[in-house]
Amino acid sequence: MAATKKYSLLCLENPLLDIIADGDEAVLDTYKIKANDAILAEPQHLGIYDDFLNNRNAVLSAGGAAQNTARGAQYILPADSVVYLGGIGKDKYGEILSETASKAGLRVEYRIDAKEPTGRCAVVVTPGNRSMVTDLGAANHYDLEHLQSPAIWSLVQGADLYYIGGYHLTVCPPAIMALAKEAAAQDKTFVLSISAPFIPLAFKDALDATLPYLDYVVGNEGEAAAFGNVHGISNIDLANVDGHPDIKAELKKIAQYMADLPKENTKRKRVAIVTHGSEPTLVAIQGEAEVREYPVRAIAKESIVDTLGAGDAFAAGLVAGIIEGKPLDGSIDQGQWLASLSLTQLGASYPFPKQTF
Ligand code: 26A
């Protein structure tokens, strides 16, 4: 793939503004949320946004998992390499997202909803963990019509790799499937991040429909465990994944299972990647018996500001590497590298001045 080609990477998901605050057990208790999770807001959660803004010195920061990945890939790739699609409202938060993208050199093609507000994500940061509560707003109104409008579809046709944040399975599976089928028909690369345990748990059918089209599937240990459980190949306590006595072997089994599922485009072998915090990243390749292990790039605990967006940064380094034509090893290492940089930044962001891999 030529890295100099314009907009070779196209990403789709939910643009959100993150409202980030330090938290403790009391905050988790008040809103009945787990220390390390991502959920859709229910009525009892809706007070959290104003609470964070008014009482907890919250910081605003551009988010939306795949938008973080898109910014991260553009951080690495030459100018005008990445375009991102999703839905926002006509409001201040939407403006912040547009400005952040523009500063990062990311081209955004938003569907702008006249009635719904830009989506928000409350992030509770506790040492080593982050918990996210999302109110999708306008992001929930992304539609196939926007994707298939001539101006956008020509960007789709021009790109070589499509990256889908799995969170979008809660919003518009038809748009995801249109990209999946286009990728298979044109022999382009199709990458999906599972995004959160609730995606395989609550959106199993929509996720399963994408599986034959996935060239790369990326998830962390909690997401892989949820996937394994709903597919009946594991029985891991999702509230305590690392409490499993043989978690690495279980995750390897799940990675291998994902890699070996039937595939539509047989010209590419599927690669299934399971990240596991500071433990080695596990990589299964379709048809290969051995699951590979790649160490992370360890950084000192004191240098970690928050873990928000580390997984998105990993995916960014990975897809940028694929676009650059790097071998798999180098692409994974580039992912580990960008993840380690993102850990040193507040929110899902990357250091400036720019560092190079
Ligand atoms: C549909 N949901 C729940 C979501 C998200 C989400 N992005 C898209 N859809 N819930 C949390 N995030 C984003 O995840 C990033 C960290 O990986 C947050 O906005 C945060 O920036």
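For the structure itself, look to the data block above.
Residues numbered from 1 in each chain as written. Predicted model: local features only at pLDDT ≥ 70, side-chain atom pairs only at ≥ 80, totals over all residues. Heavy atoms only, no water.

1. Quick word on the packing of helix α10 (residues 221–230) against helix α11 (residues 247–260)
So, step 1. Interhelical geometry of α10 versus α11 gives an angle of 70° and a closest axis separation of 10 Å. Between α10 and α11, the angle falls in the class roughly perpendicular. As α10 packs across α11, the resulting crossing turns out to be left-handed. Contacts between α10 and α11 pair Glu 221, Ala 224, Ala 225, Phe 227 and Gly 228 from the former with Leu 251, Ile 254, Tyr 257 and Met 258 from the latter. (Axes fitted to C-alpha atoms, helices over the stretch in contact; angles between N-to-C directions. Helix = DSSP H or I, 4+ residues; strand = E, 2+ residues; numbered from the N terminus. Parallel < 35°, antiparallel > 145°, perpendicular 65-115°, else oblique. Left-handed = near helix turned anticlockwise from the far one by under 90°. Contact = heavy atoms within 4.5 Å.)

2. Describing the packing of aromatic side chains
So, step 1. For the structure on display, the rule yields seven aromatic pairs.
So, step 2. An angle of 40° between the planes, with centres 5.6 Å apart, marks the rings of Tyr 75 and Tyr 350 as tilted. One end of the pair, Tyr 75, is in helix α3 (residues 65–76); the other, Tyr 350, is in the segment after α13 (328–343), with 275 residues separating them in the sequence.
So, step 3. Pairing Tyr 75 with Phe 352 gives two aromatic rings, centres 5.7 Å apart and planes at 85°, and the pair type is edge-to-face. With a gap of 277 residues between them, Tyr 75 in helix α3 and Phe 352 in the segment after α13 connect regions that are remote in the sequence.
So, step 4. Overall, Tyr 75 belongs to the buried group, its relative accessible area being 6%.
So, step 5. Phe 352 sits in the exposed class, given a relative accessible area of 60%.
So, step 6. Among the aromatic side chains, those forming a connected cluster through ring pairs are Tyr 75, Tyr 350 and Phe 352.
So, step 7. When the ring centre of Tyr 75 is taken as origin, the NZ or CZ atom of Lys 354, which lies over that ring, is 5.2 Å away. (Phe/Tyr/Trp six-rings, centres within 6.5 Å; stacked < 30°, edge-to-face > 60°. Buried < 20%, exposed > 50% of the residue type's maximum accessible area, 1.4 Å probe, protein only. Lys NZ or Arg CZ within 6 Å of the ring centre and 35° of its normal.)

3. Thoughts on the side chain of Gln 286
So, step 1. The residue Gln 286 is located in the loop between β13 (279–285) and β14 (292–294) in this model.
So, step 2. For Gln 286, the side chain forms a polar contact with the main-chain oxygen of Leu 261, separated by 3.2 Å.
So, step 3. Not counting chain neighbours up to four residues away, the residues in contact with Gln 286 comprise Ala 259, Asp 260, Leu 261, Lys 263, Arg 268, Lys 269 and Arg 270. (Polar contact = N/O pair within 3.5 Å; in protein donor to acceptor, adjacent residues only side chain to side chain.)

4. Description of the sheet that holds strand β1 (residues 9–12)
So, step 1. Across the sheet, which stays open at both edges, the nine strands sit in the order β6-β5-β1-β9-β10-β11-β12-β13-β14 with mixed pairing between neighbours. Edge strands, defined here as strands with exactly one partner in the open sheet, are β6 (107–113) and β14. Adjacent strand axes in the sheet meet at a mean angle of 20°, parallel and antiparallel pairs treated alike.
So, step 2. With five bridges joining them, strand β11 (residues 216–220) and strand β12 (residues 271–276) adopt parallel strand pairing. Across the sheet, Asn 220 pairs through a bridge with Thr 275, a residue of β12.
So, step 3. Contacting β1, β9 (161–165) and β10 (189–193), helix α7 (residues 173–186) crosses the sheet at an angle of about 155° to β9. (Pairing = 2+ DSSP bridges.)

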